[in-house]
Amino acid sequence: MRAGGFRDELFLKLLGASALGPQALTTLIEAQRQTYLSELGGLARQRRAHADEPLVAVLIDAAIAHTKADLGLLDSAAQHLGPRAAAQGGAGRR
């Protein structure tokens, strides 16, 4: 267990966007997804460029794993927060 807990900027953004409604949530998720996919491309290039440097390669592998986990979090957010955002958006229009 992490002694400092978990504080994640992405989670805070998702929380705020879900409170604004489904369009804001979808916009955020898609923008973040494109950012992460771009980052993965850059990290893959860096990984190839530093294949002969074990410590750097491990660091890059960790960044790749973290970015892939963030992509998974976006999928989870769409699944779990999407209905919540739609319900809140509908309540705000009454």
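Bear in mind the structure is a predicted one, so any value in this text is a computation, not a measurement. (Residues numbered from 1 in each chain as written. Predicted model: local features only at pLDDT ≥ 70, side-chain atom pairs only at ≥ 80, totals over all residues. Heavy atoms only, no water.)

J.: Explain the nonpolar core here, please?
T.: A general tendency of soluble globular proteins is for nonpolar side chains to be buried together. Ranked by size, the top nonpolar core spans 16 residues in total, and within it Leu14, Leu25, Ile29 and Leu74 carry the most contacts. Contributions of two or more residues to this core are made by α1 (9-20), α2 (22-49) and α3 (54-92). With 7 residues, α3 is the single largest residue contributor to this core. The residues contacting Ile29, other than those within four sequence positions of it, are Leu14, Leu74, Ala77 and Ala78. (Core = buried A, V, L, I, M, F, W, Y, C linked by side-chain atoms within 4.5 Å. Buried < 20%, exposed > 50% of the residue type's maximum accessible area, 1.4 Å probe, protein only. Helix = DSSP H or I, 4+ residues; strand = E, 2+ residues; numbered from the N terminus. Contact = heavy atoms within 4.5 Å.)

J.: Please clarify how the pattern of salt bridges should be interpreted in this entry.
T.: If the charged atoms of two oppositely charged side chains come close together, the side chains can form a pair. Tallying each qualifying case throughout the model produces 4 salt bridges. A salt bridge links Arg33 to Asp75, with the shortest nitrogen-to-oxygen separation between them at 3.1 Å. Residue Arg33 is located in helix α2, and its partner Asp75 is located in helix α3; the two are separated by 42 residues in the primary sequence. Linking Arg47 and Asp61 is a salt bridge whose minimum nitrogen-to-oxygen distance equals 2.6 Å. Remark: Asp61 occurs in helix α3 and Arg47 occurs in helix α2; sequence separation between them is 14 residues. Of the residues examined, Asp61 reaches a relative accessible area of 35% and is grouped as partly exposed. Overlapping salt bridges bring together Glu30, Arg33 and Asp75 as one network. (Salt bridge = Lys/Arg side-chain N within 4 Å of Asp/Glu carboxyl O.)

J.: For this particular structure, what's the right way to read a nonpolar patch on the surface?
T.: Taken together, the side chains of Phe11, Leu12 and Leu15 present a nonpolar region at the surface, about 280 Å² in accessible area. Structurally, Leu12 can be placed in helix α1. Residue classification places Leu12 among the partly exposed residues on the basis of a relative accessible area of 43%. (Patch = residues over 30% accessible without salt bridge, like charges linked within 9 Å, V, L, I, M, F, W, Y side chains within 5 Å. Areas by Shrake-Rupley, 256 points an atom, 1.4 Å probe, with all protein chains shown as cover.)

J.: How should α1 be read in this particular structure?
T.: Each α-helix winds once per 3.6 residues, and so residues spaced three or four apart point in a common direction. Taking 1.5 Å as the rise per residue, α1 with 12 residues should run 16 Å; its terminal C-alpha atoms sit 17 Å apart, in good agreement. Where α1 is concerned, the buried positions are Leu10, Leu14, Ala17 and Ser18. Viewed along the axis of α1, the buried residues span an arc of 100 degrees, placing them on a single side of the element. Opposite the packed face of α1, turned more than 90 degrees from it, sit the exposed residues Glu9 and Leu20. Two to three positions downstream of the cap, the backbone nitrogen of Leu10 sits 2.7 Å from a side-chain oxygen, assigning the N-cap of α1 to Asp8. Just downstream of α1 lies Gly21, where phi reads positive at about 120 degrees. (Expected span 1.5 Å × (residues − 1). Arc of directions from axis to C-beta. Polar contact = N/O pair within 3.5 Å; in protein donor to acceptor, adjacent residues only side chain to side chain.)

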